[in-house]
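Descriptive structure summary
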Number of protein chains: 2
Amino acid sequence: MSRQPQPTPRPGGRSARVRQAILTATSEQLIAGGYDALTVNEVAAAAGVAITTVYRRWPTKAELAAAALGELAATANPMPDTGRIETDLRALLAQILGLLRRPEIARLVRAVAAIDPDTPGADAARVAFWQTRFAGSASIVTRAIARGEIDAAAEPEAVIELLVGPAYLRLLLTGRPLDAELEAESLRRTLAAYAPDTETT
Amino acid sequence: MSRQPQPTPRPGGRSARVRQAILTATSEQLIAGGYDALTVNEVAAAAGVAITTVYRRWPTKAELAAAALGELAATANPMPDTGRIETDLRALLAQILGLLRRPEIARLVRAVAAIDPDTPGADAARVAFWQTRFAGSASIVTRAIARGEIDAAAEPEAVIELLVGPAYLRLLLTGRPLDAELEAESLRRTLAAYAPDTETT
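It should be emphasised that the depicted structure is a prediction, and the values quoted were computed from it without experimental measurement.

Things to note about the relation of the copies chain A and chain B
Expressed as a screw operation, the relation of chain A to chain B combines 0.0 Å of axial shift with a rotation of 180°, fitting to an RMSD of 0.1 Å. Both copies are brought into coincidence by an operation consistent with a two-fold rotation axis. Taken as a fraction of all interface residues of chain A, those also at the interface in chain B reach 100%, which identifies the copy contact as same-surface.

Points about helix α1 (residues 14-37) of chain B
All names here are of chain B. In this model, α1 (24 residues) spans only 28 Å end to end at C-alpha, well below the 34 Å of a helix rising 1.5 Å per residue. Ile-31 marks the point of greatest bend in α1, at about 90°. Listed as buried for α1 are Val-18, Ile-22, Leu-23, Ala-25, Thr-26, Ser-27, Gln-29, Leu-30, Gly-34 and Tyr-35.

Side note on the packing of helix α5 (residues 85-100) of chain B against helix α8 (residues 138-146) of chain B
Residues and elements named next belong to chain B. The geometry of α5 relative to α8 is characterised by a closest axis approach of 10 Å and an angle of 170° between their N-to-C directions. Comparing their axes, α8 and α5 come out roughly antiparallel. Note on element contacts: α8 touches α5 through Ile-140, Arg-143 and Ala-144, opposite Ile-85, Asp-88, Leu-89 and Leu-92.

Focus on the packing of helix α5 (residues 85-100) of chain A against helix α9 (residues 156-174) of chain A
Residues and elements named next belong to chain A. Packing of α5 against α9 brings their axes to within 11 Å, and their N-to-C directions diverge by 20°. Here α9 runs roughly parallel to α5, going by the angle between their axes. Of the two elements, α5 crosses α9, and the hand of that crossing is right-handed. Mapping the contact onto sequence places Leu-89, Leu-92, Leu-93, Ile-96, Leu-97 and Leu-100 in α5 and Ile-160, Leu-163, Val-164, Ala-167, Tyr-168 and Leu-171 in α9. Class assignment of the residues belonging to the contact of α5 with α9 gives a composition of 12 nonpolar, no polar and no charged.

Thresholds applied
Residues numbered from 1 in each chain as written. Chains lettered and ligands numbered in written order. Predicted model: local features only at pLDDT ≥ 70, side-chain atom pairs only at ≥ 80, totals over all residues. Heavy atoms only, no water. Least-squares fit on C-alpha atoms with pLDDT ≥ 70 in both. Contact = heavy atoms within 4.5 Å. Helix = DSSP H or I, 4+ residues; strand = E, 2+ residues; numbered from the N terminus. Expected span 1.5 Å × (residues − 1). Bend = angle between axes of the 7 residues up to and from the residue. Buried < 20%, exposed > 50% of the residue type's maximum accessible area, 1.4 Å probe, protein only. Axes fitted to C-alpha atoms, helices over the stretch in contact; angles between N-to-C directions. Parallel < 35°, antiparallel > 145°, perpendicular 65-115°, else oblique. Left-handed = near helix turned anticlockwise from the far one by under 90°. Nonpolar A, V, L, I, M, F, W, Y, C, P; charged D, E, K, R; others polar.

Bear in mind that shape data such as this cannot, by itself, settle questions of function.
What follows is the structure, encoded as structure tokens:
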């Protein structure tokens, strides 16, 4: 930090690098020890920044964890747009299952699931998770409705919930396998559940 | 304990009462503090039994938690059998959502979700949860297949996963509401997803 501060900070410069360093350190701590073991002190130390730098951006631990998860979800999940609902949903589900099968990602998801809703900032964590992981994928459904491929009355988020709900249920509660059979079954049944009323498409 | 031991212990006698006291204490501790805070010491103290009495029946904390959850699920969930798949699934989903809407039950489910699969006994906890909460409900599907009400190729557990997956996803991750809309949507789409191939039934 021997340089003089720039009069106008460039976007994507030091500020973006600091943000990235903090979120990377947060992800690593979440993966290593879960949400309970996450501390802003250790994140700041690992990222090489002052504790106040972390708190200025993310006032609570939950918001910090949410931001780290959101970052991870955004980089790992480009939205499929193949022009057909079946191939879009197949690609999306394959992406999500690919992530959930990685033990360190499973541990992150488990850490989010464990956050008590009474924890300050917990809502922020959940909303951020939802928005980055699922709401983006709703555009897949919106396009399919426009093409007449699925029930026009479908709520986009509900379609995605039906597609991925069984996978998260297995990961978080029942321990059943995230296998190819689940992948095929979830895709097939979600398409059938939201098939257009008339079969003329 | 001033009485002499019976030569042959009666089933449903002292042994069953001890079991019940331990599992009740376990549920209360899980609800109060989650899985991390659960200790066999405190459970034993609350139940008024020796620590070894707990360990003899449930060698790990995870198995103890699983047994407590299983007990709770079994008492709160008589299986519907109305003679029609639609009313059976509607009643089952209403039961499950009724439980998940209770904050103390939500906290228990969250505690199970938080158990790391690498924890000794964690598999036992998950399997017990699955078996008591879901596998029993598979009989609803088996009967519906016999009546020709749903796709004969349906895997019973998969039907239940599709029915309840979105609800658990909302509870554990996204924080979306467990409302009447979700209830109606999950039921309607699950029935459509598993409708028999021919509409002659």
